[in-house]
Amino acid sequence: MLCTMVKAKDWTLKKHFEGFPKQSDFELIEINLRDLKDGEMLLESLYLSVDPYMRAYSKRGMKEGDTMIGSQVARILESRNPSFPVGIFVVANAGWTTHFISDGKNLSPLPPNWPENLPRSLALGTIGMPGLTAYFGLLELCRPKPGETVLVNSAAGAVGSVVGQIAKIKGCKVVGTAGSDKKLDYLKELGFDEVFNYKTVKSLEQALRDASPNGYDCYFDNVGGEFSSIVLEQMNKFGRIAVCGAISLYNDTQVKKGPFVQVPMVMKELYMEGFLVSRWNDRKEEGLKAILKWIQEGKIKCHEDITKGFQNMPAAFMGMLKGDNFGKAVVEV
């Protein structure tokens with residue numbers, strides 16, 4: 001098979017987002033792929049990820065007309081690279097595309113012993129970047145101790161759901177917040193001790209106090225904004241905060257002015273650190289091995305929200321930003 005016979009479909013950023021993304025901000029195009037050179041491979045995307053970071057990073061480094069950034073689980077269709085034979089599955093970062101050519105430098109093969117009972121799409125979620133984000137962000141920055149109380153917002157999402165389960169494994173009380181009652185039921189299934197719907201409570205401050213009258217030792221923040229300003233006042237002395245994301249702010253067209261963090265940070269002697277999971281790239285195998293072991297032991301449950309059809313990439317992305325997804329949002333080509 002020759003690459004010249006293959007047409008790749010790409011979703012591109014037609015127009016930089018102004019506020020919340022719109023369907024008209026994206027454009028679906030076709031590209032004729034060239035022949036392979038020595039050392040290269042032709043790959044077919046099977047599952048594609050949609051993640052909050054794509055909204056934030058679209059402002060940084062992406063030009064209008066660029067293929068939307070993102071990762072996928074792909075299968076090698078043709079290879080002129082002996083290190084990557086035809087038929088193997090890999091995780092790639094080729095963006096929103098159905099087919100692409102790679103020289104192998106940014107490909108991560110799925111383990112050859114991948115359990116038959118687990119879908120390969122989990123390599124984009126719990127056994128992938130979101131799972132590693134939860135693992136290292138919680139264990140390295142929050143450093144939870146048995147008996148402590150951990151708070152997780154956006155807790156039904158790809159990262160938050162894993163954070164809560166790892167915190168339970170470590171012997172902590174876990175409080176999770178989400179935006180629908182169905183998601184609260186899901187969190188209870190995962191073993192969260194206390195949950196509440198942040199959209200329907202009369203007072204977020206009171207809801208946090210009711211969920212943990214003795215305050216919070218660790219806070220894994222996926223949301224930012226006003227929510228986090230309120231949480232700071234309920235952190236315990238020497239509390240630890242891992243700032244993973246700020247999805248409540250990504251679509252703002254103007255920078256908000258909110259409460260300042262210095263007083264509670266100083267008076268409570270808090271530790272707060274933002275992070276990117278790439279910091280621990282050299283320990284990726286350690287994290288994936290631990291997560292896979294917990295899954296096989298039944299200590300971590302995985303849930304995927306799968307949208308079928310490459311044509312639905314923008315809709316899946318926008319739905320994820322609205323919080324429509326349970327667990328990891330994935331598009332199946």
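Cut-off values and rules
- Residues numbered from 1 in each chain as written.
- Predicted model: local features only at pLDDT ≥ 70, side-chain atom pairs only at ≥ 80, totals over all residues.
- Heavy atoms only, no water.
- UniProt positions renumbered as here; feature names shortened; annotations may be inferred.
- Domains from an automatic or database assignment.
- Buried area = accessible area lost by both parts, 1.4 Å probe.
- Salt bridge = Lys/Arg side-chain N within 4 Å of Asp/Glu carboxyl O.
- Polar contact = N/O pair within 3.5 Å; in protein donor to acceptor, adjacent residues only side chain to side chain.
- Helix = DSSP H or I, 4+ residues; strand = E, 2+ residues; numbered from the N terminus.
- Nonpolar A, V, L, I, M, F, W, Y, C, P; charged D, E, K, R; others polar.
- Buried < 20%, exposed > 50% of the residue type's maximum accessible area, 1.4 Å probe, protein only.
- Pairing = 2+ DSSP bridges.
- Axes fitted to C-alpha atoms, helices over the stretch in contact; angles between N-to-C directions.
- Contact = heavy atoms within 4.5 Å.

- For the chain, an unreviewed UniProt entry supplies the name Prostaglandin reductase 1 and the organism Thamnophis sirtalis.
- Here is the UniProt Subunit (unreviewed entry) comment for the chain, exactly as written: "Monomer or homodimer."
- Heading Sequence similarities (unreviewed entry) of the UniProt record for the chain holds this comment: "Belongs to the NADP-dependent oxidoreductase L4BD family."

**A look at the domain arrangement of the chain**
Inference 1: Along its sequence, the chain is organised into domain 1 (6-125 + 303-332) and domain 2 (129-278).
Inference 2: For domain 1 and domain 2, the distance between their C-alpha centroids amounts to 29 Å.
Inference 3: Buried area between domain 1 and domain 2, both sides added, is near 1,400 Å², and the carbon and sulfur share of it is 60%.
Inference 4: Looking at the side of domain 1 facing domain 2, the largest losses of area belong to Gly 125, Phe 326 and Gly 327, adding up to 30% of the total buried there.
Inference 5: At the boundary of domain 1 and domain 2, one finds zero salt bridges.
Inference 6: Our count for the domain 1 to domain 2 interface comes out at four residue pairs in polar contact (both at pLDDT 80 or more).
Inference 7: Element by element, the count of residues in the side of domain 1 that touches domain 2 is highest for helix 1 (residues 53-57), at four residues.
Inference 8: Class assignment for the residues of the side of domain 1 that touches domain 2 results in 10 nonpolar, six polar and six charged.

**Some remarks on the pattern of salt bridges**
Inference 1: In total, this model carries 16 salt bridges according to the counting rule given.
Inference 2: Linking Lys 15 and Glu 18 is a salt bridge whose minimum nitrogen-to-oxygen distance equals 3.0 Å.
Inference 3: On the basis of relative accessibility, which here comes to 37%, the residue Lys 15 falls in the partly exposed class.
Inference 4: A salt bridge links Arg 279 to Glu 273; the nearest nitrogen and oxygen atoms lie 2.9 Å apart.
Inference 5: Because the salt bridges share partners, they merge into one network encompassing Glu 140, Arg 283 and Glu 286.

**Some details on the sheet that holds strand 9 (residues 173-178)**
Strand pairing in a sheet relies on backbone hydrogen bonds. The paired strands run either parallel or antiparallel.
Inference 1: Across the sheet, which stays open at both edges, the six strands sit in the order 10-9-8-11-12-13 with parallel pairing between neighbours. Edge positions in the sheet fall to strand 10 (194-197) and strand 13 (271-274), since each of these pairs with one other strand and no more. Across the sheet, the mean angle separating the axes of adjacent strands is 15° when strand polarity is ignored.
Inference 2: Looking at chain direction, strand 8 (residues 149-152) and strand 11 (residues 216-221) are connected through three bridges and run parallel. Among the inter-strand pairings, Leu 151 is bridged to a residue of strand 11, identified as Tyr 219.
Inference 3: Packed on one face of the sheet, helix 4 (residues 181-190) meets strand 9 and strand 10 and runs near 170° to strand 10.
Inference 4: In the packing of helix 5 (residues 204-211) onto the sheet, the strands contacted are strand 8, strand 9, strand 10 and strand 11, and the crossing angle to strand 10 comes to about 165°.

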